[in-house]
Structures are given as structure tokens and as C-alpha cells.
Amino acid sequence: MFARIRTRGIRPITIGRKLVEAMDQHVDEHGKVPGAYVVRLHPSDLANLDDVRKPLVNELRQVVANHAEFEQYHVVGEASVGLVEADHVTPGHIVIEVA
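Report follows, based on the coordinates. Just so you know, these numbers come straight off a predicted model, no measurement behind them. (Residues numbered from 1 in each chain as written. Predicted model: local features only at pLDDT ≥ 70, side-chain atom pairs only at ≥ 80, totals over all residues. Heavy atoms only, no water.)

**Observations regarding the pattern of salt bridges**
In step 1: Tallying each qualifying case throughout the model produces one salt bridge.
In step 2: Between Arg40 and Glu97 there is a salt bridge, and its shortest N-O distance comes to 2.9 Å. Here Glu97 lies in strand β3 (residues 94-98) and Arg40 lies in strand β1 (residues 32-41), a separation of 57 residues in the sequence. (Salt bridge = Lys/Arg side-chain N within 4 Å of Asp/Glu carboxyl O. Helix = DSSP H or I, 4+ residues; strand = E, 2+ residues; numbered from the N terminus.)

**Overview of the environment of Ser44**
In step 1: Mapping Ser44 onto the fold places it in helix α2 (residues 43-48).
In step 2: By relative accessible area, Ser44 is classed as partly exposed at 34%.
In step 3: A polar contact of 2.9 Å, which involves the side chain of Ser44, links it to the side chain of His42. (Buried < 20%, exposed > 50% of the residue type's maximum accessible area, 1.4 Å probe, protein only. Polar contact = N/O pair within 3.5 Å; in protein donor to acceptor, adjacent residues only side chain to side chain.)

**Points about the nonpolar core**
In step 1: Counting residues in each nonpolar core, the largest one holds 22 residues, and the members touching the most others are Ile15, Val39 and Leu41.
In step 2: Contributing elements (two or more residues each) for this core: α1 (12-26), β1, α3 (53-71) and β2 (74-85).
In step 3: The element that contributes the greatest number of residues to this core is α3, accounting for five residues.
In step 4: Setting aside anything within four residues of it in sequence, one finds Leu41 in contact with Ile10, Ile15, Leu46, Leu49, Val84, Glu85, Ala86, Val89, His93 and Ile94. (Core = buried A, V, L, I, M, F, W, Y, C linked by side-chain atoms within 4.5 Å. Contact = heavy atoms within 4.5 Å.)

**Re the sheet that holds β1**
In step 1: The strand order β2-β1-β3 describes an open sheet built from three strands, whose pairing is mixed. Every other strand in the sheet has two partners, leaving β2 and β3 as the edge strands with one partner each. Strand after strand, the sheet turns through a mean of 20° between neighbouring axes, direction not considered.
In step 2: Running at roughly 140° to β1, α1 makes contact with β1, β2 and β3 of the sheet. (Pairing = 2+ DSSP bridges. Axes fitted to C-alpha atoms, helices over the stretch in contact; angles between N-to-C directions.)

Here you go:
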């Protein structure tokens, strides 16, 4: 999916990479990682993803599940990813929060 999406601004693959980084940063000593993530984007960046938002969220959930399986992490709860508008985020930047 990431290869098929063409957008201005932030690329979906970049969001996926940031999610993987967030997972790796939040793994505990037992291999547990949070399952819920919020991706905060500047309103203009989020608007550029409007046409692909729903399939992108599904793909990002799959990124979380696949990375957890690959690294043998144990996801706490069900994998979920939300894309949220945030005025405080600089255009072109991505903020990932563990929900």
C-alpha cells in the first residue's frame, strides 16, 4: 500500500517508520509494547492524506502487528492507530504518542 500512495508532504512510509521507532522505544523488559498509537500531524499534512486516510490507518495497524510479530513483541491490547490533527505540530513533522 505504501508504494501505491502518492501524496504531497508527509509520505505514508515515513509514518510507518516512525511507528516502528515508537514501538522499539516503548518495549519493556518482558517484550511488551503498547498497542495503541496516535499520530499527530499538522492540519495541512493531514489534509493531504484525506483521500487515503481509511486505508492508511488500516495499513498502519498492520505495520504495528507485523513489527510486533517480527520482533516477537507482545502487543498490549489490540493494535490501533489514529491520525489526529494537531496545530502545534510543525508542517512536515510527525509526532507519535502512545495512547
